[in-house]
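This is what each chain is made of:
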Amino acid sequence: MSGKLDGRVALVTGAARGIGRAVVRKLVSEGARVLANDLDGDALSALQADVTCEVFPGDITDPTFGDRAVRTCVDRLGGLDILVNNAGYVWNSRIANHTDEQWYAMIDVHATGPFRLLRAAGQYFRQIAQAGPSTHTRKVVNVSSISGLFGAPTQFSYSAAKSALVGMTRSLAKDWGRYDVTVNCVAFGFIETRLTQPYTGEVPEIAVGERKLKVGLDAAQVELMKEMIPLGRVGSPEDAAGAVYMFCAPESDYVSGEVLVAAGGLRV
């Protein structure tokens, strides 16, 4: 059965778990061929065992990553039609406890890394546009957060970096329209991932490179959050993937420079 993305090639960062994994599954289900990137090579192998896709292990904060990722996508899959900037993680605290290391880690993964990847993708988009009229509109979807729109006291640098993605989105929408490329952003609220896992007792940790970072929310806090969400529930990775897909589908070809809030009606 044909899908709406038949013949399209997508590059998705942060693709091995959570939202990124669900995005890969959604795009593949609609016919796209996908190059999935993640820092965790083992998790990428598990994704590839579950979904038909190409994989590209790598750290988005590596200064060479953007050029290598775009080149790999073009060489392996023949082009680049959809770019989803999803890679990231949280390292939370209030500004009084914020270190320089913490600040730069959040800026690097959520702003500088995407900037380099977008710069590399832009070179490809320009070359394709100069070669002649396009047969279809190409798509960029940047993943932000309601913290980037409204702020969060314990997510100081994360909020700043996610806000930067909104500025990049609106600037590139004005710049890349001439290449027939739309650039949009999805700002997520509370989505079920390992970063938001509920806990009672010991706080869970994740490994990001050499760092061990505490993540999750106290179970009682999760229940309070649910009461604040008008839809009355936490979003699933599949909910999140659906929001990203809206900007990848042909129906959104005349939508650019927009920020879609996918938070179950929550505004904080």
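Scroll up a little and you will see the structure.
Residues numbered from 1 in each chain as written. Predicted model: local features only at pLDDT ≥ 70, side-chain atom pairs only at ≥ 80, totals over all residues. Heavy atoms only, no water.

Looking now at the nonpolar core. Counting residues in hydrophobic clusters, the biggest one holds 42 residues, and the most contacted among them are Leu11, Leu80, Tyr89, Phe125, Val140 and Trp176. Of all the secondary structure elements, the ones that give two or more residues to this core are β1 (9-12), α3 (65-77), α4 (100-131), α6 (156-176), β6 (181-188) and β8 (205-208). Here this core gets 11 residues from one element, more than from any other, and that element is α4. Setting aside its immediate chain neighbours within four residues, Trp176 contacts Leu118, Gly122, Phe125, Val140, Val181 and Val183. Leu47, Cys53, Tyr245 and Ala262 belong to the second largest nonpolar core, which has 35 residues in total. (Core = buried A, V, L, I, M, F, W, Y, C linked by side-chain atoms within 4.5 Å. Buried < 20%, exposed > 50% of the residue type's maximum accessible area, 1.4 Å probe, protein only. Helix = DSSP H or I, 4+ residues; strand = E, 2+ residues; numbered from the N terminus. Contact = heavy atoms within 4.5 Å.)

Should their charged atoms come close, side chains of opposite charge can pair. A complete count under the given rule lists 14 salt bridges for this structure. Across the pair Lys226 and Glu223 runs a salt bridge, and its minimum N-O distance is 3.4 Å. Pair noted here: Lys226 and Glu223 are both in helix α7 (residues 219-228), with a separation of three residues, about one helical turn. Ionic contacts of the salt-bridge type, sharing partners, join the residues Arg21, Arg25 and Asp50 into one network. (Salt bridge = Lys/Arg side-chain N within 4 Å of Asp/Glu carboxyl O.)

Now for the environment of Phe56. As for its placement among the helices and strands, Phe56 is situated in strand β3 (residues 54-57). On the basis of relative accessibility, which here comes to 8%, the residue Phe56 falls in the buried class. In sequence terms Phe56 and Asp253 are 197 residues apart; their C-alpha atoms lie 28 Å from each other. If we ignore the near neighbours within four places in the chain, the residues touching Phe56 are Leu35, Ala36, Asn37, Asp38, Leu44, Phe65, Arg68, Ala69, Thr72 and Arg76.

A separate point is a nonpolar patch on the surface. Taken together, the side chains of Ile95, Trp103, Tyr104 and Phe156 present a nonpolar region at the surface, about 410 Å² in accessible area. Position of Tyr104 relative to the elements: it lies in helix α4. (Patch = residues over 30% accessible without salt bridge, like charges linked within 9 Å, V, L, I, M, F, W, Y side chains within 5 Å. Areas by Shrake-Rupley, 256 points an atom, 1.4 Å probe, with all protein chains shown as cover.)

So, about the packing of aromatic side chains. Under the defined criterion, the tally for this structure stands at four aromatic pairs. Measuring from centroid to centroid gives 5.9 Å for Trp103 and Phe156, while their planes differ by 40°, and the two rings are tilted. Here the residue Trp103 occupies a position in helix α4, and Phe156 occupies one in helix α6, the gap between them amounting to 53 residues. Relative accessible area serves as the criterion here: at 30%, Trp103 is assigned to the partly exposed category. Looking at Phe156, the relative accessible area reads 36%, which means it is partly exposed. Considering the side-chain rings of Phe125 and Trp176, the 5.5 Å spacing of their centres and the 80° angle between planes classify their relative orientation as edge-to-face. On the criterion of sequence distance, the pair formed by Phe125 in helix α4 and Trp176 in helix α6 is long-range, its members being 51 residues apart. Here Phe125 falls in the buried class, since its relative accessible area comes to 1%. Of the residues examined, Trp176 reaches a relative accessible area of 5% and is grouped as buried. (Phe/Tyr/Trp six-rings, centres within 6.5 Å; stacked < 30°, edge-to-face > 60°.)

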